[in-house]
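The residues making up each chain are set out below.
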Amino acid sequence: MSARTPITNFFQTRGWSLHPHQSDMLERKDLPALLLIAPTGGGKTLAGFLPTLVECADGHDGLHTLYISPLKALANDIRRNLQTPIEESDLPIRVEDRTGDTSYAKRQRQRADPPQILLTTPESLALMISYPDAARTFAGLQRVIVDEIHALADSKRGDQLMLCLSRLQTLAPGLRRVGLSATVDDPSVIAHYLARHPDPCPILHADPGPPPDISVLETEEAPPWAGAGGRYAIPAVLEQVRKHNTTLIFHNTRAQAEIFFHNLWLANEDALPIGIHHGALAKEARLKVEQAMVAGQLKAIVATGSLDLGIDWGDVDLVIQIGAPKKVKSLVQRIGRANHRYNAPSKALLVPANRFEVVECHAALEAVRAGELDGDLRLDGPRDVLCQHIACVACAGDFEADGLYAEIKSVGPYSTLSRAAFDDCLDFVATGGYALRAYDRYQRLKERTPGIWGLRDPRAARQIRMNLGTIIDTDKLKVRFKGRGGAPLGEIEEGFASTLSAGDTFLMGGQIVRYESMRELTVEVSPRPDKEPRIATYVGYKWTTSVHLAQRIQHMLHEMRFDALPGHTREWLELQAKVSTLPEPGRLLVEQFPRDGRHHVVVYGFAGINAHQTLALLITKGMEENGLDPLGFVSNDYATLIWGLQPVGDIRPYLQATGVRAALDRWLQGNAVMKRAFRNAAVIAGLIERNYPGKRSTGRQAAFSSDILYDTLHRYDPDHLMLRITEEEAMRGHIDFGRLELLMQTVGDRIDQVKLSRVTPLAAPMFLERGIVPIKGRAEGKLLQAEAEKLMAEAGLSLE
Amino acid sequence: MRNVHSFSFAGARLTARPSGALHWGDRNLLVVSDLHLGKSERIARRNGPLLPPYEVQDTLRQLQKDILETGAAHVVCLGDSFDDLAAAQALGEDHRAWILRLMTGRRWTWITGNHDPGAPGLPGDTVDVLTLDALTFCHIATDLDRAEVSGHYHPKAAIQLRGRAISRPCFLRDSRRLILPAYGTYTGGLRTQDRALADLMGAGARAILAGQPMVEIPMPR
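Residues numbered from 1 in each chain as written. Chains lettered and ligands numbered in written order. Predicted model: local features only at pLDDT ≥ 70, side-chain atom pairs only at ≥ 80, totals over all residues. Heavy atoms only, no water.

## Describing the overall build of chain A
Piece 1. From N to C terminus, chain A includes 29 helices and 27 strands.
Piece 2. Relative to its 800 residues, chain A shows a buried fraction of 58%.
Piece 3. Taking as baseline every contact in chain A between residues at least 6 positions apart, the subset at least 24 positions apart corresponds to 74%.
Piece 4. By element, 50% of the accessible surface of chain A is carried by carbon and sulfur atoms, the whole surface being about 31800 Å². (Helix = DSSP H or I, 4+ residues; strand = E, 2+ residues; numbered from the N terminus. Buried < 20%, exposed > 50% of the residue type's maximum accessible area, 1.4 Å probe, protein only. Contact = heavy atoms within 4.5 Å. Areas by Shrake-Rupley, 256 points an atom, 1.4 Å probe, with all protein chains shown as cover.)

Written out as structure tokens, the structure is:
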């Protein structure tokens, strides 16, 4: 085949040969769908693009291949890496990207004159599909490459992407799909996700390569009982940075990355060039670090998820993970980053941030050695995403309901969707779906002729487009230096910004800055290197451990398999065994102690965060009924921590294995867990508009809270689709009745209740957990009254 | 005990209610502000989201409850009773009948707001300003040297309890001004720290939090 020559030449001149899976990809390029499973660094991305390079070698008019990745940074990286073979083989192929960072002018030009290869994200693809000229843009499209599909398949972003692919398939019937995935437990689940149903999606396996070289970093200083940032390990980390060419230092949250980076610089006596990269930084700052990294100017980068996934950063030879890796799968994928030579093992060091994490890290290593990956995939597509997709399709023009339903049924996660469920969503988008038909005049969609639907008012498309996407960010405010044309630094959450007063300091992009003022939607700051920073509370990634890992840890603790653990951690666990007891499989450990004027209960279920959250709801409901004034709870995969104004006494009456569902029904309805689930689903489905700059009203007409909509629906329209979706979402992501019932049946009355005068070693890390759920009960009123009296007295005001 | 909060303002004995209504016992007068009836209709009309269309009935249900509990002889709506003029005109027949029922047997005053010019097509007096004894009722607070009861700003106050923040609609009062929270179901709030409110209220101003329990605190600034 003549077309292969330039590519083959490119490989030959470099003394390279194709990996077997790369030539397999070329041979099977005509299949309608194909999934490649390969380790990071296995030339996976090139394998995905090879058929495109071959097919375009003699020129192709218009868009040939759409490449979709979950991260903007990945698109930048791929473009750089594709440019070399294309230029050196002199191929007539243009590669461009289109993301949220792409300018308006460039987007317009791309619509008129598309490149052969377009790199984009699921959100940008949804936007492109919503334009009336989508049919023309995508008419000649030949291939779609979905990179890191294992990461997308876990999320609503993936569900949205697969819906968009079904649309593309209609616009370009000859379209072929390729999915690129890291190693996963069950590839057939991902193949089902990617396939155009009912057609199958064959799977291609690359050589998995040598096992990764992972160990726990030994430090002279012992980690704290309950720290989160790994600050104690800085000297040892710097030592490693010195010894390696390039080191990536990963954190689980942005806030931790910021603090660590700050302290790293304070200790960096040799002034080693070290940068920071995370999603809350301004685009300029991110690009600068990426370029410095590619140019080999940095010895290390402190990063979070924004740099995650299979980015090829050249000469990285060490990955350091600060804080326990919450999912074994992510750990292995992150480590794939280092040492990208295909046949050399990748090297990584884990740095536990506290003593519990020492145990977690060792359990994770055991799991990696046992080849046990984790992560469950959902196969029932969420309906809030479907509602958004219907609105998105309507923006592009009128559609036929039957045709759209057939299209959606070809999507893996929606392949079992019933017509009635689809019609509910269509009705929601068209009329709001209320029992009270109030919007006849203002329906969003109109049925023009039987079965044909379209926007009542085409101007509504603008609003729909601005609300596309499935990532729910808390509202963010831009941060920049005060003064004319002050440099942008990044973003902080509005909630955090509202707690700042003039003079407060916080960390942003590794610098300490001082809050000066708020101008419109921008926070103005000045540099203040001399002060101690307050901590910026980014939400960033919400990590959860897998249930697998939790259970592995429970066994480790109970069997006292501490040989692999360092001395300080053994001592810490032995202290736990002495002052309280170690958790045992088949039994339930419950600790009770006062702290800080509150009474605390910790229940160690090792049953996953959702089951623990449900358990906490059950216990706090009982507490409220018995007048024990619960205030809130927080859960992780190992345990739940509950606090209130009164001690609980005997825990047994609160742990009844039967009737959990019925008991929780009403209590759950009013709980913050459900209200959060409602808000997220309502934003995605289009019931609540996202706040975006320019639109957000300042001052008096401020938007009212989504809780009001939730309460109103419950009172007047309890069967409404949004409430049903909220319940489905809660069961999916927050509440797990089944697992809790199983736990309580297994445990029976084998409950070890320990009352103590202070917090125990094992409970200490619970106080660092994020995602506190407040209880809006009587206790809140009591605290409010006490606080009000105190404030009035301090201000010298009397109650009259 | 009933959970309300009583205080004196310009010589009048007033009671703030958890719903955000104000009751003047001596005149048996009930005051509510910023009902914003028809908000969901207005948002839909402007191509916004189709919100649950139940806020008119929810707001009227609450108003009926306050009227029944106080047995008010005179109701004053302090402006922005409707989200806009078109929303007032689009009021459903059943809701109109409900309002007429509430109006029966009592005096009713619509103060004009910046969103609405009163209540077109409904009985009752429509005025810009109402003065009763020492108190002046108007929509937006003025600089005039008089004891004013007004609305417009939708004030809300936040209070930090250890580990959590509670934010609620609130009444604001100093020696000359009393500002009511928004009464309508679909209304947001303006934080008391906002310059518009901080500049308006004098030193020693207080905030009375609506909801349960009602508490009074120094106005957060």
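## Some details on the interface of chain B and chain A
Piece 1. At the interface, 51 residues of chain B touch 53 residues of chain A.
Piece 2. Taking both sides of the interface into account, the surface hidden between chain B and chain A amounts to around 4400 Å²; carbon and sulfur atoms contribute 59%.
Piece 3. On the chain B side of the interface with chain A, the three residues burying the most area are N47, L50 and Y54 of chain B, jointly 17% of the side's total.
Piece 4. In this assembly, chain B and chain A are joined by 1 salt bridge.
Piece 5. Taking the shortest distance from any N to any O, the salt bridge between R715 of chain A and D58 of chain B comes out at 2.8 Å.
Piece 6. At the boundary of chain B and chain A, one finds 12 residue pairs in polar contact (both at pLDDT 80 or more).
Piece 7. Elements with a contribution of two residues or more to the side of chain B that touches chain A: β1 (5-9), α1 (39-45), α2 (55-70), β11 (155-161), β12 (164-173), β14 (190-191), β15 (206-209) and β16 (215-218) of chain B.
Piece 8. Among the elements that make up the side of chain B that touches chain A, the one with the highest residue count is α1 of chain B (5 residues).
Piece 9. Its residues placed into classes, the side of chain B that touches chain A shows 19 nonpolar, 18 polar and 14 charged. (Buried area = accessible area lost by both parts, 1.4 Å probe. Salt bridge = Lys/Arg side-chain N within 4 Å of Asp/Glu carboxyl O. Polar contact = N/O pair within 3.5 Å; in protein donor to acceptor, adjacent residues only side chain to side chain. Nonpolar A, V, L, I, M, F, W, Y, C, P; charged D, E, K, R; others polar.)

## Describing the pattern of salt bridges
Close approach of charged atoms allows side chains with opposite charge to pair.
Piece 1. Scanning the entire structure with this criterion turns up 52 salt bridges over all chains.
Piece 2. Here K29 of chain A ties to D30 of chain A by a salt bridge, and the two come within 3.6 Å at their closest N and O atoms.
Piece 3. Note on K29 of chain A: relative accessible area 18%, which makes it buried.
Piece 4. Residues joined in a network through salt bridges with shared partners are E41, R42, R45, D83 and D84 of chain B.

## As for a nonpolar patch on the surface
Residues and elements named next belong to chain A.
Piece 1. A contiguous nonpolar surface patch, about 220 Å² in accessible area, is contributed by W225, L575 and V579.
Piece 2. Relative to the assigned elements, L575 resides in helix α22 (residues 567-579).
Piece 3. A relative accessible area of 31% places L575 in the partly exposed class. (Patch = residues over 30% accessible without salt bridge, like charges linked within 9 Å, V, L, I, M, F, W, Y side chains within 5 Å.)

## With respect to the nonpolar core
Piece 1. The biggest cluster of nonpolar side chains holds 124 residues, and the ones touching the most others in it are L125, F138, L165, L168, I390, L445 and M722 of chain A.
Piece 2. Summarising the domain contributions, this core has at least three residues from each of domain 1 (2-205) and domain 4 (547-783) of chain A.
Piece 3. Beyond its immediate chain neighbours, meaning those up to four positions away, L165 of chain A contacts I68, L125, V144, V146, R177 and L194 of chain A.
Piece 4. Core analysis: the next-biggest nonpolar cluster, separate from the first, contains 54 residues, A364, L589 and A788 of chain A together with C170 of chain B among them. (Core = buried A, V, L, I, M, F, W, Y, C linked by side-chain atoms within 4.5 Å. Domains from an automatic or database assignment.)

## A look at the packing of helix α9 (residues 156-171) of chain A against helix α16 (residues 383-396) of chain A
Residues and elements named next belong to chain A.
Piece 1. Relative orientation of the contacting elements α9 and α16 amounts to 35°, with a least axis distance of 10 Å. α9 and α16 meet at a crossing whose hand is right-handed. Contacts between α9 and α16 involve K156, D159, Q160, L163, C164 and R167 from the former and D384, V385, L386, Q388, H389 and V393 from the latter.
Piece 2. Residues of the contact of α9 with α16, tallied by class, amount to 5 nonpolar, 3 polar and 4 charged. (Axes fitted to C-alpha atoms, helices over the stretch in contact; angles between N-to-C directions. Left-handed = near helix turned anticlockwise from the far one by under 90°.)

## Quick word on unusual backbone geometry
Piece 1. Put simply, H197 of chain A and P198 of chain A share a cis peptide bond, and its omega is 5°.
Piece 2. Counting through the fold element by element, P198 of chain A comes out in the loop between α10 (187-194) and β7 (203-205).
Piece 3. That bond from Q212 of chain B to P213 of chain B is cis: its omega, -15°, falls within 30 degrees of zero.
Piece 4. On the secondary structure map, P213 of chain B appears in the loop between β15 and β16.
Piece 5. Residues other than glycine seldom take positive phi values, yet D629 of chain A does so here, at roughly 50°.
Piece 6. Tracing the sequence through the fold places D629 of chain A in the loop between α23 (609-625) and β24 (630-635).
Piece 7. We classify D629 of chain A as buried; its relative accessible area is 1%.
Piece 8. The residue H152 of chain B is not glycine, and still its phi comes out positive at about 75°.

## Quick word on the sheet that holds strand β2 (residues 65-68) of chain A
Sheet strands associate in pairs through backbone hydrogen bonding, adopting either a parallel or an antiparallel arrangement.
All names here are of chain A.
Piece 1. Pairing within the open sheet is parallel, and its 7 strands lie in the order β3-β4-β2-β5-β6-β1-β7. The two strands at the open ends of the sheet, each matched to only one other strand, are β3 (95-98) and β7. The sheet shows a mean angle of 20° between the axes of neighbouring strands, direction not considered.
Piece 2. Where β3 meets strand β4 (residues 117-120), 4 bridges bridge the pair, whose relative direction is parallel. Bridging across to β4, V95 finds its partner in I117.
Piece 3. Where helix α3 (residues 44-55) meets the sheet, its contacts fall on β1 (33-37), β2, β4, β5 (143-146) and β6 (176-181), and the angle it forms with β5 comes to roughly 170°. (Pairing = 2+ DSSP bridges.)

## Quick notes on the side chain of D174 of chain B
All names here are of chain B.
Piece 1. With respect to the helices and strands, the residue D174 is situated in the loop between β12 and β13 (177-179).
Piece 2. We note that D174 is buried and unpaired, the nearest opposite charge coming from R177 at a distance of 4.8 Å.
Piece 3. For D174, the side chain forms a polar contact with the main-chain nitrogen of R176, separated by 3.0 Å.
Piece 4. Within the structure, D174 has its side chain in polar contact with the backbone nitrogen of G202 (distance 2.7 Å).
Piece 5. Leave out the neighbours within four places in its chain, and D174 touches F9, L200, M201, G202 and A205. (Lys, Arg positive; Asp, Glu negative; His and termini not counted.)

## Description of the sheet that holds strand β3 (residues 22-24) of chain B
Residue and element names in this part refer to chain B.
Piece 1. The 7 strands lie next to each other as β1-β2-β3-β4-β5-β6-β7, forming an open sheet whose pairing is mixed. Edge positions in the open sheet fall to β1 and β7 (125-127), since each of these has one partner strand only. Strand-to-strand twist of the sheet, defined as the mean angle between neighbouring strand axes without regard to direction, takes the value 25°.
Piece 2. Direction of pairing for strand β4 (residues 29-32) relative to strand β5 (residues 74-77): parallel, over a ladder of 4 bridges. Considered in β5, the bridge of V32 is made with C77.
Piece 3. Sitting on the sheet, α2 is in contact with β3, β4, β5 and β6 (107-111), with an inclination near 160° to β4.

## Notes on helix α29 (residues 778-794) of chain A
Piece 1. Its 17 residues place the ends of α29 of chain A 25 Å apart at the C-alpha level, agreeing with the 24 Å of an ideal helix rising 1.5 Å per residue.
Piece 2. The inward-facing, buried residues of α29 of chain A contact β23 (598-604) and β24 of chain A together with β11, β12, β15 and β16 of chain B.
Piece 3. G796 of chain A sits one or two residues past α29 of chain A and shows a positive phi near 70°. (Expected span 1.5 Å × (residues − 1).)

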